[in-house]
Amino acid sequence: MMGPITTYTSALPAARRFFQRRRPGLPLLIAGLMLVAVLLLPSSAFATSRIKDIADFEGVRENQLVGYGLVVGLNGTGDDLKKSVFTRESLIGMLERLGVNARDTKLDTKNVAAVMVTAALPPFGRQGTRIDIEIAALGDANSLQGGTLLVTPLLGADSEVYAVAQGPVAIGGFTASGDASTVTKGVPTSGRIANGAIIEREVGFAMNSMQNVKITLRNPDLTTAQRIADAVNGYLSLDAARPLDPATVQITIPPMFNGDTVGLLTKIEQLPVEPDEVARVVIDENNGVIVMGANVRISTVAIAQGNLTIRVTETPQVSQPNAFSNTGTTTTVPRTNIQVDEQNGKKLAVVPAGVTLQELVNGLNALGIGPRDMISILQSIKAAGALQADIEVR
């Protein structure tokens, strides 16, 4: 929508100068017609999204990597080797590979910490490319500040090594302690290394040799899948795309794009599509958050809401015997005060059928209903069959 407006605006001065040399009265008419043309453009263009923003292409995905390693160089904030047996055994094994026999010695250092290393292998990552890695302590280390990760192989789901990580750890928190108190900011037992791993193995995927490509919707919906297929077929002027299910659209590569699948997908991912959405109300009872979609509708229903508060107060009293009493004892007598407070003035409100989301929210707010009470009311409306939407409670 912004493209045509910019084009028309930049063309107005030139058109005005052109017609002023011929007929002085025409510039305003031309400008008015152009403005009307802009205003008459379909309003649905504001709700469209590119295919690349609502779907993913088959094969264009990340792969998760994980590894186990050691961080050294800590200032006494590492694992306790007496408690963290895996750290001790890993340290001994590393030293033995370097030609140092430390198995029969008593290791007592707190400058080493066992960590788990994670990374995301990007799609089409090439050998020698560097990627970021995340590090988290595995044992009882207090901080990874100042540590250096030793060479750590990163494995994929097939147990093959796809990258190797090493480097100084950067953390976002710190710990300062004294004899009587300790101050901790952030999480000093986790950190990251920017460009800390080198890709050693590539994931083979020849996109240009594919005969069919599948588009996967991030929010599965039958209507949206059909609209994507229609947009692709309209662009290609061929019946090349068809939805397989609410989450998948399959595209048959046309003959003119054989060997150039990347070029075809580059054009397809820019096509505008108006995604459809299911009428849904999402409720987070823990935080009192309510999110309602634009398609939520409600049938005619009457709503009344009132608050009932019961307050129980315990005021025990002490009972003492008379003076110079030989048989009496001092006892505590319970005293309970119960107050019931029911707020009045709450009226029965009728919400008509087919109201929009804005009208529904305004009606509930007019009753003075807070988020907590609104959750119960929406669930009650749904139980009455008057809410045409799914309720998802988290």
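Residues numbered from 1 in each chain as written. Predicted model: local features only at pLDDT ≥ 70, side-chain atom pairs only at ≥ 80, totals over all residues. Heavy atoms only, no water.

Time to look at the packing of aromatic side chains. Scanning the entire structure with this criterion turns up 0 aromatic pairs. The ring of Y162 carries the charged tip of R201 above its face, separated from the ring centre by 5.7 Å. (Phe/Tyr/Trp six-rings, centres within 6.5 Å; stacked < 30°, edge-to-face > 60°. Lys NZ or Arg CZ within 6 Å of the ring centre and 35° of its normal.)

Along any regular strand, the residues point their side chains to alternate faces of the sheet. Looking at chain direction, strand β13 (residues 241-245) and strand β14 (residues 248-252) are connected through 4 bridges and run antiparallel. By the bridge assignment for β14, R242 is matched with Q250. What sits between the antiparallel neighbours β13 and β14 is a turn of 2 residues. (Pairing = 2+ DSSP bridges. Helix = DSSP H or I, 4+ residues; strand = E, 2+ residues; numbered from the N terminus.)

Another point: the sheet that holds strand β26 (residues 390-393). Note: strands within a sheet are paired through backbone hydrogen bonds, in either parallel or antiparallel orientation. Strand order in the open sheet formed by 3 strands is β17-β16-β26, with mixed pairing between adjacent strands. Each edge of the sheet is formed by a strand with only one pairing partner; in this case those strands are β17 (289-292) and β26. Neighbour-to-neighbour, the strand axes of this sheet turn through a mean angle of 15°, independent of strand direction. Bridge count between strand β16 (residues 280-284) and β17: 4 bridges; the pairing is antiparallel. From the neighbouring strand, D284 faces β17, where its bridge partner is V289. (Axes fitted to C-alpha atoms, helices over the stretch in contact; angles between N-to-C directions.)

Turning to unusual backbone geometry, a few remarks are in order. Even without being glycine, N195 reaches a positive phi, approximately 55°. Locating N195 in the fold gives a position in strand β11 (residues 190-199). Residue class for N195 comes out partly exposed when judged on its relative accessible area of 42%. In the Ramachandran plot, S237 falls in the positive-phi region, its phi being about 60° despite a non-glycine side chain. Among the residues examined, S237 registers a relative accessible area of 63% and is labelled exposed. (Buried < 20%, exposed > 50% of the residue type's maximum accessible area, 1.4 Å probe, protein only.)

Computed from the structure, the largest pocket encloses a volume of approximately 450 Å³. Taken together, 16 residues form the lining of the largest pocket, with N219, D276, E277, V278 and R280 sitting closest to its centre. Listing elements by their share of the lining of the largest pocket, those giving two or more residues are β16 and β17. When grouped by side-chain class, the residues that make up the lining of the largest pocket number 8 nonpolar, 3 polar and 5 charged. Y68, G69, L70, S90, M94, R97, L150, V151, T152 and P153 together form the lining of the second largest pocket. A per-element tally of the lining of the second largest pocket places strand β6 (residues 148-155) first, with 4 residues. Class assignment for the residues of the lining of the second largest pocket results in 6 nonpolar, 3 polar and 1 charged. (1 Å grid on protein atoms, 1.4 Å probe; cavity = no way out; pocket = protein on both sides within 12 Å on 5 of 7 lines; lining within 4 Å. Points joined across faces, edges and corners; volume = space filled by probe spheres on them. Nonpolar A, V, L, I, M, F, W, Y, C, P; charged D, E, K, R; others polar.)

Right, let's get into the pattern of salt bridges. In total, this model carries 11 salt bridges according to the counting rule given. Residue R103 is joined to E96 by a salt bridge in which the shortest nitrogen-to-oxygen separation is 3.0 Å. Owing to a relative accessible area of 39%, R103 belongs among the partly exposed residues under this scheme. When salt bridges that share partners are traced, they join R88, E89, E96 and R103 into one network. (Salt bridge = Lys/Arg side-chain N within 4 Å of Asp/Glu carboxyl O.)

Attention shifts here to the sheet that holds strand β12 (residues 212-217). The strand order across the open sheet built from 4 strands is β2-β12-β14-β13, with neighbouring strands paired in antiparallel fashion. The sheet terminates laterally at β2 (55-57) and β13, the two strands that pair on one side only. Pairs of neighbouring strands in the sheet enclose a mean axial angle of 25°, with direction left out of account. In the sheet, β2 pairs with β12 via 3 bridges, with the strands oriented antiparallel. Each residue of the ladder has a partner; that of D56, found in β12, is T216. Contacts from helix α5 (residues 222-236) reach β12, β13 and β14 within the one sheet, and its direction differs from that of β13 by about 160°. Here helix α6 (residues 261-268) sits on the sheet and contacts β2, β12 and β14; the angle it forms with β12, its principal contact strand, is near 30°. (Contact = heavy atoms within 4.5 Å.)

This next bit is on the side chain of T87. Mapped onto the elements of the fold, T87 is located in helix α4 (residues 85-97). Engagement of the side chain of T87 in a polar contact is seen with the side chain of D79, the distance being 2.8 Å. Look past the residues within four positions of T87 in its chain and what remains in contact with it is Y68, L70, D79, L81, V112, A113 and A114. (Polar contact = N/O pair within 3.5 Å; in protein donor to acceptor, adjacent residues only side chain to side chain.)

Another aspect to go through is α4. Between its first and last C-alpha, α4 extends 19 Å over 13 residues, near the 18 Å set by a 1.5 Å rise per residue. Within α4, burial applies to T87, S90, L91, I92, G93 and M94. Looking at the packing, one finds that the buried side of α4 touches β3 (63-72), β4 (112-121) and β6. Directly after α4, the chain includes G99, whose backbone phi takes a positive value near 90°. (Expected span 1.5 Å × (residues − 1).)

The values are spatial; any link to function lies outside them.
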